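One-letter residues, chain by chain:
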Amino acid sequence: MSDVERLRSRGEALGLQLSELQLEQLLAFGKLILRWNKVYNLTALRDTDSVLSHHLLDSLAAMPPLARQFASAGDLLDVGSGAGLPGVVIAIMRRDLNVTCLDAVAKKVAFVQQVAAELRLENLRAVHERVEAHRGQYAVISSRAFASLADFFDGSRHLLSSEGCWMALKGKVPTDELSGLGSGIDVFHVEQLDVPGLDAARCIVWARKQEGECGAEPLA
């Protein structure tokens, strides 16, 4: 089975009907990760199969939940984006979202800027800055194994709009981190994910400020 066929079929298992353009851009993104990895060590993964399962499909698994929680156009910030995960994948799948990938490592920001240029993703930008110093207002703030939940929420709180929500992609449910959260954070849903071809626990922790509500209906 070709990479295109595998990505299409596993996308369908997630409930996604990937267009030819999306398939092309996702696989091109994966190839760029592998090419840059040879020089810049963007991620620990070094083969196509691992990039497909651990990066592309892992990020794609968040797309149906994101669509349910936030179906409208808006601005999304991906904190500690690294090689653009999940930010680049979100930008490919949701052209209605203006995606900002934020990272404190210059080479990773340069990579995402190159991805945006080569894949002609006009809704994607990369910023070299620490989250505490960044300014702006975002309807959704995402992260993927960036930091503890407390550090993620505290560090980006000033960037979340009053009706916005956090989307923290995690491995297994971070029970200890959830129990250690301070006041002012409303964790309104912890959603289990099933990533095709990946034998590992994955979940999304959805949260918002207690004084505001996310723009979409909470999941049951």
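Structure shown above.
Residues numbered from 1 in each chain as written. Predicted model: local features only at pLDDT ≥ 70, side-chain atom pairs only at ≥ 80, totals over all residues. Heavy atoms only, no water.

1. Thoughts on the overall build of the protein
Move 1: Helix and strand counts for the protein stand at 8 helices and 7 strands.
Move 2: Computed over the C-alpha atoms, the radius of gyration of the protein is 16 Å, within 12% of the 17 Å expected from 2.2 N^0.38 for a compact globule of 220 residues.
Move 3: For the C-alpha atoms alone, the extent of the protein along its principal axes is close to 50 × 35 × 30 Å.
Move 4: Of all 220 residues assigned to the protein, the portion counted as buried reaches 55%.
Move 5: Within the protein, residue pairs in contact and separated by at least 24 positions form 66% of the contacts whose partners lie at least 6 positions apart.
Move 6: Computed over 23 positive and 28 negative side-chain charges, the separation of the two mean positions in the protein equals 5 Å. (Helix = DSSP H or I, 4+ residues; strand = E, 2+ residues; numbered from the N terminus. Rg over C-alpha atoms; globule rule 2.2 N^0.38 Å. Buried < 20%, exposed > 50% of the residue type's maximum accessible area, 1.4 Å probe, protein only. Contact = heavy atoms within 4.5 Å. Lys, Arg positive; Asp, Glu negative; His and termini not counted. Charge placed at Lys NZ, Arg CZ, Asp CG, Glu CD.)

2. Quick look at the pattern of salt bridges
Opposite charge on two side chains lets them pair, provided their charged atoms get close.
Move 1: Under the criterion given, the structure shown has 10 salt bridges.
Move 2: For R6, the salt bridge is made with D49, and the minimal N-O distance between the two is 2.8 Å. Taken as a pair, R6 in helix α1 (residues 3-13) and D49 in helix α3 (residues 48-60) lie far apart in primary sequence, 43 residues in all.
Move 3: R6 gets classed as buried once you look at its relative accessible area, which sits at 14%.
Move 4: Its salt-bridge partner being D58, residue R202 comes within 2.9 Å of it at the nearest N-O pair. Residue R202 is found in strand β7 (residues 202-209), and its partner D58 is found in helix α3; the two are separated by 144 residues along the sequence. With respect to class, R202 is no different from D58; both count as buried. (Salt bridge = Lys/Arg side-chain N within 4 Å of Asp/Glu carboxyl O.)

3. What to know about the packing of α1 against α3
Move 1: Interaxial distance between α1 and α3 falls to 11 Å at its minimum, and their mutual angle equals 30°. It follows from the interaxial angle that α1 and α3 lie roughly parallel. Judged by the sense of rotation from one axis to the other, the crossing of α1 with α3 is right-handed. Contact with α1, carried on its side by D3, R6, L7, R10 and G11, involves T48, D49, L52, L57 and L60 of α3 and no other residues of that element.
Move 2: Tallied by class, the residues present in the contact of α1 with α3 amount to 4 nonpolar, 2 polar and 4 charged. (Axes fitted to C-alpha atoms, helices over the stretch in contact; angles between N-to-C directions. Parallel < 35°, antiparallel > 145°, perpendicular 65-115°, else oblique. Left-handed = near helix turned anticlockwise from the far one by under 90°. Nonpolar A, V, L, I, M, F, W, Y, C, P; charged D, E, K, R; others polar.)

4. Topic: helix α7 (residues 149-156)
An α-helix turns once per 3.6 residues; consequently, residues spaced three or four apart project the same way.
Move 1: What α7 keeps buried is the set L149, F152, F153, G155 and S156.
Move 2: Of the surrounding elements, those touching the buried residues of α7 are β1 (74-79), β4 (138-144), β5 (160-170), α8 (175-179), β6 (185-193) and β7.

5. A word on the nonpolar core
Move 1: Counting residues in hydrophobic clusters, the biggest one holds 56 residues, and the most contacted among them are L7, F29, L60, L66, M93, F111 and L124.
Move 2: Ranked by residues supplied to this core, first place goes to helix α2 (residues 20-40) with 8 residues.
Move 3: In contact with L66, other than residues within four places in its own chain, are A71, L76, I90, R94, L97, V140, M167 and W206. (Core = buried A, V, L, I, M, F, W, Y, C linked by side-chain atoms within 4.5 Å.)

6. Regarding α2
Move 1: The terminal C-alpha atoms of α2, which comprises 21 residues, lie 29 Å apart, in line with the 30 Å expected from a rise of 1.5 Å per residue.
Move 2: Every buried residue of α2 is accounted for by Q22, L23, Q25, L26, L27, F29, G30, L32, I33, L34, W36 and N37.
Move 3: Looking at the packing, one finds that the buried side of α2 touches α1, α3, α5 (87-93) and α6 (106-118). (Expected span 1.5 Å × (residues − 1).)

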